[in-house]
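# Examining the three-dimensional arrangement
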Amino acid sequence: MTGGAGQGVQLGVPVRDPAPVAGCDVCGALARQRVAAYAVGDRSKVSDCNVEIRRHPHRA
């Protein structure tokens, strides 16, 4: 046993925030919530909004 801390954590390139679909009220509301969350430093809410925008279904 060496007693060392081992390998450090390696993070990838940050993923960009998803763009809301133009004309979609749900995406627009989530994008506004995301802006408000950024303003107060609520990164958890920002992440939640991003997940919802990515998962929100749209017809092709």
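Worth saying up front: this structure is predicted, and the values here are computed from it rather than measured. (Residues numbered from 1 in each chain as written. Predicted model: local features only at pLDDT ≥ 70, side-chain atom pairs only at ≥ 80, totals over all residues. Heavy atoms only, no water.)

All right, on to the overall build of the chain then. Broken down by element type, the chain carries two helices and zero strands. Put simply, the chain has 60 residues, and 20% of those count as buried. In the chain, of all internal contacts separated by at least 6 residues, the share reaching a separation of at least 24 is 42%. Taken as a whole, the chain presents about 5,100 Å² of accessible surface, with 55% of it coming from carbon and sulfur. (Helix = DSSP H or I, 4+ residues; strand = E, 2+ residues; numbered from the N terminus. Buried < 20%, exposed > 50% of the residue type's maximum accessible area, 1.4 Å probe, protein only. Contact = heavy atoms within 4.5 Å. Areas by Shrake-Rupley, 256 points an atom, 1.4 Å probe, with all protein chains shown as cover.)

What follows concerns the environment of cysteine 49. By the secondary structure assignment, cysteine 49 is in helix α2 (residues 43-55). Owing to a relative accessible area of 1%, cysteine 49 belongs among the buried residues under this scheme. Linking cysteine 49 and glutamine 33, residues 16 residues apart in sequence, is a C-alpha distance of 7.2 Å. When near neighbours in sequence (up to four residues on either side) are disregarded, cysteine 49 contacts Leu30, Gln33 and Arg34.

Considering the arrangement of structural elements, one finds asparagine 50 in helix α2. In contact with asparagine 50, not counting residues within four places along its chain, are Asp17, Pro18 and Arg34.

Next up on the list: the state of the cysteines. Inspection of the entire model under this criterion finds zero disulfides. You can see cysteine 24 has no disulfide; the closest cysteine sulfur is in cysteine 27, sitting 3.7 Å from it. For cysteine 27, a relative accessible area of 0% puts it in the buried group. (Disulfide = S-S within 2.5 Å.)

On to helix α1 (residues 25-40). Relative to the 22 Å expected for 16 residues at 1.5 Å per residue, α1 spans 23 Å between its end C-alpha atoms, a close match to the ideal helical length. Listing the buried residues of α1 in full gives Cys27, Gly28, Leu30, Ala31, Arg34 and Ala37. (Expected span 1.5 Å × (residues − 1).)

The next thing to look at is the environment of cysteine 27. Along the chain, cysteine 27 turns up in helix α1. In sequence terms cysteine 27 and cysteine 49 are 22 residues apart; their C-alpha atoms lie 9.1 Å from each other. Apart from the residues within four sequence positions on either side, cysteine 27 is in contact with Pro20, Val21, Ile53, His56 and His58.

Nothing here speaks to function; it is all geometry.
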